[in-house]
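Reading the structure
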Amino acid sequence: MSSVFANPGSASGYFGDFGGRFVPEPLMAAVRELEDLFTAAWEDPAFQAEYHSILTGYAGRPTPVTYCANLSQDLGIELYLKREDLTHTGSHKINNVVGQALLTRRMGKSRIIAETGAGQHGVATATAAALFGLKCTVYMGAVDVKRQALNVFRMRLLGAEVVPVNSGSRTLKDAINEAMREWVACVEDTHYCIGSVMGPHPYPLMVRQFQRVIGDEARSQMHEAIGTDPDFVVACVGGGSNAAGTFTAFLESDAAIVGVEPAGGAAVGRGTPGVVHGMRSQFLQDEFGQVEEAQSISAGLDYPGVGPEHAYLASIGRARYEAVDDAAVLNAFQVLSRREGIIPALEPAHAIAWVLAEAGSTIPRGSRVLVTLSGRGDKDSEQVAEILGGA
Amino acid sequence: MALEARLRARRAGGAKLLVPYVTAGLTDDWVRVVEAVAAAGADAIEIGIPFSDPIIDGPVIQAASQTALERGVTPASALAELGEVSIGVPLVAMTYCNLLFHAGFQRYAGWLEEAGVAGTIFPDLPKEEARPWAEFAAGKGIANVLLVAPTTSEERARAIAAESRGFVYGVGLMGVTGVREQLAASAIGVAKRLKSVTDRPVLIGVGVSSPLHARQLAPHADGVVVGSALVKILADGGGPEGAYDFVSSLRQALDGQ
Ligand SMILES: Cc1ncc(COP(=O)(O)O)c(C=O)c1O
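So, how was this worked out
- Residues numbered from 1 in each chain as written.
- Chains lettered and ligands numbered in written order.
- Predicted model: local features only at pLDDT ≥ 70, side-chain atom pairs only at ≥ 80, totals over all residues.
- Heavy atoms only, no water.
- 1 Å grid on protein atoms, 1.4 Å probe; cavity = no way out; pocket = protein on both sides within 12 Å on 5 of 7 lines; lining within 4 Å.
- Points joined across faces, edges and corners; volume = space filled by probe spheres on them.
- Helix = DSSP H or I, 4+ residues; strand = E, 2+ residues; numbered from the N terminus.
- Phe/Tyr/Trp six-rings, centres within 6.5 Å; stacked < 30°, edge-to-face > 60°.
- Expected span 1.5 Å × (residues − 1).
- Buried < 20%, exposed > 50% of the residue type's maximum accessible area, 1.4 Å probe, protein only.
- Arc of directions from axis to C-beta.
- Contact = heavy atoms within 4.5 Å.
- Polar contact = N/O pair within 3.5 Å; in protein donor to acceptor, adjacent residues only side chain to side chain.
- Near = heavy atom within 4 Å.
- Areas by Shrake-Rupley, 256 points an atom, 1.4 Å probe, with all protein chains shown as cover.
- Sits in = over half its atoms within 2 Å of the grid points.
- Nonpolar A, V, L, I, M, F, W, Y, C, P; charged D, E, K, R; others polar.
- Domains from an automatic or database assignment.
- Pairing = 2+ DSSP bridges.
- Axes fitted to C-alpha atoms, helices over the stretch in contact; angles between N-to-C directions.
- Salt bridge = Lys/Arg side-chain N within 4 Å of Asp/Glu carboxyl O.
- Parallel < 35°, antiparallel > 145°, perpendicular 65-115°, else oblique.
- Disulfide = S-S within 2.5 Å.

So, about the layout of surface pockets. All names here are of chain B. By volume, the largest pocket is sized at about 260 Å³. Mapped onto the lining of the largest pocket, the elements with two or more residues apiece are helix H1 (3-12), helix H7 (127-139) and strand E5 (143-148). The biggest single contributor to the lining of the largest pocket is H7, with six residues.

Now for the packing of aromatic side chains. One pass over the structure, following the stated rule, counts 21 aromatic pairs over all chains. Taken together, a centroid distance of 5.8 Å and an interplanar angle of 65° make the contact between tryptophan 183 of chain A and tyrosine 192 of chain A edge-to-face. Taken together, a centroid distance of 5.6 Å and an interplanar angle of 55° make the contact between phenylalanine 105 of chain B and phenylalanine 136 of chain B tilted. Note that phenylalanine 105 of chain B is positioned in helix H6 (residues 105-115) and phenylalanine 136 of chain B in helix H7, a separation of 31 residues in sequence.

Bringing helix H3 (residues 45-57) of chain A into the picture now. Residues and elements named next belong to chain A. With 13 residues, H3 should cover 18 Å at 1.5 Å per step; its first-to-last C-alpha distance of 18 Å lies within 8% of that length. Buried residues of H3: Phe47, Gln48, Tyr51, Ile54 and Leu55, and no others. Viewed end-on, H3 has its buried residues packed into an arc of 135°, placing them on one side of the element. Seen from the open side of H3, the exposed residues pointing more than 90 degrees away from its buried face are Pro45, Ala46 and Gly57. At its buried positions, H3 is contacted by helix H2 (25-43), helix H5 (93-107), helix H6 (120-132), helix H10 (203-211) and helix H11 (213-226). Where H3 begins, the side chain of aspartate 44 points an oxygen toward the backbone nitrogen of alanine 46, at a separation of 2.9 Å.

A few words now on the site of the ligand. Residue and element names in this part refer to chain A. In the neighbourhood of the ligand, 19 residues make up the surrounding shell, with Ser196, Gly238, Gly240, Ser241 and Ser374 lying closest. In the environment of the ligand, an oxygen atom lies 3.0 Å from a nitrogen or oxygen atom belonging to the side chain of lysine 93. The separation between an oxygen atom of the ligand and a polar side-chain atom of serine 241 is 2.7 Å. Contact with the protein chains hides 97% of the accessible area of the ligand, taken as 390 Å² for the molecule alone. For the ligand, the cavity whose grid points lie within 2 Å of the majority of its atoms is the largest cavity. Classifying every residue of the shell around the ligand gives five nonpolar, 12 polar and two charged. Looking at which domains feed residues into the shell around the ligand, each of domain 1 (15-55 + 93-203) and domain 2 (60-91 + 213-388) supplies at least three.

This brings us to empty space enclosed by the protein. Residue and element names in this part refer to chain A. Tallied over the full model, the rule gives six cavities of 30 Å³ or more. Taken as a whole, the largest cavity holds about 310 Å³ of empty space. Those elements that provide at least two residues to the lining of the largest cavity are strand E5 (111-116), H6, helix H9 (172-186), helix H12 (241-247) and helix H16 (346-358). In the lining of the largest cavity, the residues fall into nine nonpolar, 17 polar and four charged. Three or more residues apiece are contributed to the lining of the largest cavity by two domains, here domain 1 (15-55 + 93-203) and domain 2 (60-91 + 213-388).

So, on to the sheet that holds strand E9 (residues 232-236) of chain A. Residues and elements named next belong to chain A. With respect to topology, six strands assemble into an open sheet ordered E3-E4-E14-E9-E10-E13, the strand pairing being mixed. Taken across any chain shown, the strands that pair with only one partner, and hence form the sheet edges, are strand E3 (65-67) and strand E13 (320-324). Taking each pair of neighbouring strands and ignoring which way they run, the sheet shows an average axis angle of 25°. Across five bridges, the pairing between strand E10 (residues 256-262) and E13 is parallel. Residue proline 262 lies in a different strand from E13, and its bridge partner there is valine 324. Its contacts with the sheet place H16 against strand E4 (78-83), E9, E10, E13 and strand E14 (368-373), and it is angled at close to 140° to E9.

Once that is clear, we can look at the interface of chain B and chain A. Listed by partner, the interface residues are 36 residues for chain B and 35 residues for chain A. For the salt bridge of arginine 156 of chain B with glutamate 25 of chain A, the shortest nitrogen-to-oxygen distance reads 2.9 Å. Elements with a minimum of two residues in the side of chain B that touches chain A: helix H3 (59-70), helix H4 (75-83), helix H5 (97-103), H7, E5 and helix H8 (154-163) of chain B. Ranked by residue count, the leading element in the side of chain B that touches chain A is H5 of chain B, at five residues. Among the residues forming the side of chain B that touches chain A, the class breakdown is 22 nonpolar, eight polar and six charged.

Quick look at the sheet that holds strand E6 (residues 135-141) of chain A now. Residue and element names in this part refer to chain A. Strand order in the open sheet made by the four strands is E7-E6-E5-E8, with parallel pairing throughout. The sheet is open, and its two edges are formed by strand E7 (161-165) and strand E8 (190-192), each paired on a single side. The average undirected angle you get between the axes of adjacent strands in this sheet is 20°. With six bridges joining them, E5 and E6 adopt parallel strand pairing. In the strand pairing of E6, threonine 116 is matched with methionine 140. Docked against the sheet, H6 engages E5 and E6, running at close to 165° with respect to E5.

Next up on the list: the packing of helix H15 (residues 326-340) of chain A against H16 of chain A. All names here are of chain A. Where H15 contacts H16, the two axes come as close as 8 Å, and the packing angle between them is 90°. When the interaxial angle is binned, H15 and H16 end up roughly perpendicular. Taking contact as the criterion, the partners of Ala328, Val329, Asn331, Ala332, Phe333, Val335 and Leu336 in H15 are, on H16, Leu346, Ala349, His350, Ile352, Ala353 and Leu356.

What follows concerns the state of the cysteines. Residue and element names in this part refer to chain A. By the definition in use, this model includes zero disulfides over all chains. For the unlinked cysteine cysteine 136, the closest cysteine sulfur is that of cysteine 193, found at 8.5 Å. By relative accessible area, which is 8% here, cysteine 136 ends up buried. Free of any disulfide, cysteine 236 has its nearest cysteine sulfur in cysteine 68, 15 Å distant.

Read these as spatial facts, not as claims about activity.
Take a look at the structure:
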């Protein structure tokens, strides 16, 4: 593997050709300060101890790996789920936010801002802000404010201000634009807590490190359960943080690694190289480089780009990226609920949908498959009920 | 027309430099607007090429970019329209770097050359990432302008000024582009810092919105860039005459009349 995996402080911030730091000069001082601070903190045993004690005592880690006996039988494979849905706040987003909130405190900043799509990152950020006594503002596309109303309420209950964004496609992409614009004006006392493995260096690397606890735990849990690595490791990809956090532990194993994107937002699968939101990566864009709108049932994956590490893993062939459509996702949402008693968020339902579709073909019978269930489906129940007519 | 030589010559002649910004394709008569801006006394003109995700732009230029994109403007079409007229002052194409990378250096430079554009500004292409383009552009006689912010250290400002070509763009405040009532104190701070580290022309933009602001900056900088205030006039239907009047008032303020 390339040195970026061994060297989390790599100065250039590149994963192969992807990554970098394409930010306006007014933000340069802040991202460099963040890089230095993160690099030092990550090496600091006291920081690690505090980070892990909060993950354990507050966020509910470690999360279990669940063997899905019913679906395994249906599909002729062995299916295991890494249960990020069981964390406090209901998704993996809390892992990253705890890390960044600790850094915010180290920087002496009093306020934290975030973008959110599904609202899970916004809820996690609002939660950490409440815990650490930070002021919190969350930018959310107006379309998402509507389809994730429950999470908007949760954020406000937690004391955060939620700002609906009405520019562009009014979804995650535009929420990021608005958060960046706001950050320029208040960078002195405010940290921008990016919610995925994207943005300018050091964010893709830093968020990956804060999420790698998912894969590190899962790998040893799989070894305990089956004595070896799984044959497949599967996760959904929006910006790609739950996937990167999962994959990192398995990059040097023999497991096949699969990221699942929404058909309407397949930045790795159908995108082209570009530079947007501070990073060189893969994006959906038109023939002149104007960014196109993603189209997905899932607010958390409704993003026309992807974190640079995924573009890199695809380019070297270490991971493959597949797409599933909204219908398959709705089906997976219901199948996992009925067969296993687990209501998944629509985002990880993408990963489940790919497994349902490929078991017995791309995934040979008898394979041992680990899927990261990145979050729970409560937030999506109302939206799905509307689509299914109260099912 | 070489950008830096022109600006240095004007400065040597005792003039303060005026660089207004116009969003390409905002209206049917936008090229007439550019001509009017030149006639009103601009020393160079920034041509904003609309991008879908302008992260350092505030509401005025965001809306103008959106309007231009909806009118079907592309980098190639905007630059081709400019190529059909002779403006008489250097033009600087300002946009976000995805459009450059997407086109590729060769193709992008080709469009610039055909339009007679003398310089480029990419606000999201900081010094560390700018070098390959800056060198390529220099080979074609195109100046790549770098930015310095209020949060840029003196040491870094010196290094940026050394690598910048055409002029150094001092960002006047911590924030996005937009019309401001008052000139930020940081604008004069950036101007002074830059003047102390470089001989290259120093222009201050972002939050420079009125003849008064221009006059306030004149003792400290070589000139000003005025964007949102002009674009707002154009978006409100001011047309070439509105642009001419406003730029004339900026010119007079800088000339001390
Ligand atoms: C449950 C869940 N999974 C996945 C995602 C997508 O993010 P990422 O690709 O960074 O894991 C989200 C984003 O909102 C989410 O809420």
